[in-house]
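Here is how the chains run, residue by residue.
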Amino acid sequence: MTRGSIVRRSWSSFSSGRRAAPPAARERGRAGYALWQRAWASFAGIDLPPRLGHAPGTATGSTSEPRPQVLPASGGWFVLPSLPSAGALTASGSDTAVLEVSSPDLRAVFVLRRVDERTAEYGLELVLRDVADQPELATVRYTRPDGEQRTLLIPVAPSPVGPTASFVRLEGFAAGSAWQAAGPAAVPENPDWPSATLADSVRAAYNEATREAWRQVGERTGRAIRETIDGAL
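In this report, the structure presented in the accompanying data block is examined. (Residues numbered from 1 in each chain as written. Predicted model: local features only at pLDDT ≥ 70, side-chain atom pairs only at ≥ 80, totals over all residues. Heavy atoms only, no water.)

### Here we look at the pattern of salt bridges
The cut-off we apply is this: In the sections that follow, a salt bridge refers to a side-chain nitrogen of Lys or Arg positioned within 4 Å of a carboxyl oxygen of Asp or Glu. Using a 1.4 Å probe on the protein chains alone, a residue whose accessible area is under 20% of its type maximum counts as buried, one over 50% counts as exposed, and one in between counts as partly exposed. Strands are runs of DSSP state E lasting at least 2 residues, helices are runs of H or I lasting at least 4, and numbering of each runs from the N terminus.
Applying the stated rule across the entire model yields 11 salt bridges. The residue R215 makes a salt bridge to E208 at a minimum N-O spacing of 2.7 Å. A relative accessible area of 32% means that R215 is categorised as partly exposed. Ionic pairing is found between E212 and R215, a salt bridge with its closest N-O pair at 3.4 Å. Here R215 and E212 lie together in helix α5 (residues 208–219), a separation of three residues that amounts to about one turn.

Given below as structure tokens:
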């Protein structure tokens, strides 16, 4: 299963039916996709975009832009690449993916999306490549332009349809913001999350799949955590 197919299927299921009208003429990509992916796209009525390095008119073996990489840090954290100003300027339209990186263990994909064209607001989609049988949780820290550091807890829960994924708003995130992540990992039985961080994280949920993930986290933790989650939903 390829990263492109996972992220594309995930975002299609998360947009709650908000599908932008496709351009009048959009090329379909076949090269670089497995047979089952092309069959699924045909069944779901989805146009597969030309894959990086397989676009029409691109010679095989031509050099493409290298994908950004994460940098390991201490304590299980890893540094995510900053969004350059050029990337922010060229990302147009809502729901546009502007950055995509994998965790060091390749289990998760972090996709930075521009969710509001007018305010240049960003969101983060977290997609698990493998199938999870219980909720897991990742942590993301980033620095706002005013210097304030923000921490978000991002749960991902098993989905009966589609990949295991969640989507959150990154309030105050901007080009050049320094950020790092840890996980995803199993939800601890007795977490010591600060109440303010927990409430902010729950309110940052962008869609129902992420809110449902928080409900499942609440079912597996203590009463205080569950009450904070319920109050913020």
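### Things to note about the side chain of T210
For clarity, the threshold we go by: Throughout, a residue-residue contact means that at least one pair of heavy atoms, one from each residue, lies within 4.5 Å.
Assignment of secondary structure puts T210 in helix α5. Residues contacting T210, with those up to four places away along its chain left out, are P155, S166, F167, V168 and A205.

### Observations concerning the sheet that holds strand β9 (residues 179–186)
The cut-off we apply is this: In this description, strands pair whenever DSSP reports at least two bridges between them.
A sheet is described by the order of its strands in space; here five strands give the open sequence β1-β2-β9-β6-β7, paired in antiparallel fashion. Two strands close off the open sheet at either side, each with one partner strand: β1 (71–72) and β7 (149–156). Relative to β7, strand β6 (residues 136–143) is paired through eight bridges, and the arrangement is antiparallel. In the sheet register, L137 faces β7, and the bridge partner there is P155.

### Digging into the packing of aromatic side chains
Stated precisely, the cut-off is as follows: Between the rings of Phe, Tyr and Trp (Trp by its six-membered ring), a pair exists once the centres lie within 6.5 Å; its type follows the angle of the planes, with under 30 degrees stacked, over 60 edge-to-face, and the other angles tilted.
Scanning the entire structure with this criterion turns up six aromatic pairs. Taking the centre distance of 5.7 Å and the plane angle of 75° together, the rings of F78 and F110 count as edge-to-face. Note that F78 is positioned in strand β2 (residues 77–80) and F110 in strand β4 (residues 108–116), a separation of 32 residues in sequence. With respect to burial, F78 and F110 carry one shared label: buried. Through pairs of rings, three or more aromatic residues link up here, namely Y122, Y142, F173 and W179.

### Thoughts on helix α4 (residues 195–203)
Listing the buried residues of α4 in full gives T197, L198, A199, S201 and V202. Considering only its buried residues, α4 is in contact with β7, α5 and α6 (223–232).

### Things to note about the environment of L83
For L83, the location among the structural elements is in the loop between β2 and α3 (85–90). Residue class for L83 comes out buried when judged on its relative accessible area of 2%. Taking C-alpha positions, L83 is 8.7 Å from A178, a pair spaced 95 residues apart along the chain.

### Side note on the sheet that holds strand β5 (residues 121–128)
Threshold: Helix axes are fitted only over the stretch in contact, all axes being lines through C-alpha atoms; the angle between N-to-C directions runs from 0 to 180 degrees.
The sheet built from four strands is open, its strands ordered β3-β4-β5-β8 with antiparallel pairing. Edge positions in the sheet fall to β3 (96–102) and β8 (164–170), since each has one partner strand and no second. Taking the axes of each pair of neighbouring strands and ignoring which way they run, one obtains an average angle of 20° across the sheet. Summarising the sheet, β3 and β4 pair through six bridges and their orientation is antiparallel. Considered in β4, the bridge of V101 is made with F110.

### Things to note about the pairing of β2
Here two bridges tie β1 to β2, and the two strands are oriented antiparallel to one another. Note that in β2 the partner of P72 across the bridge is F78. Between the end of β1 and the start of β2, which pair antiparallel, lie four residues, with G75 showing a positive phi angle near 70°. Sheet topology places β2 next to β9; four bridges connect them, and they run antiparallel. The partner of F78 across the bridge, within β9, is A181.

### A word on the nonpolar core
The line we're drawing: What makes a nonpolar core is a set of buried Ala, Val, Leu, Ile, Met, Phe, Trp, Tyr and Cys residues whose side-chain atoms join them at distances within 4.5 Å.
In this structure, L80, F110, L112, L124, V140, L170 and W179 are the most contacted members of the largest nonpolar core, which totals 25 residues. Within the residue set of this core, elements represented by two or more residues are β2, β3, β4, β5, β6, β7, β8 and β9. It is β5 that contributes the most residues to this core, four residues altogether. With residues near it in sequence (within four places) discarded, L124 still touches F110, V111, L112, V140, I154, S166, F167, V168, L170 and W179. Membership of the second largest hydrophobic core comes to 12 residues, among which are L137, W193, V217 and I229.

Take it as geometry only, folks, not as evidence of what the structure does.
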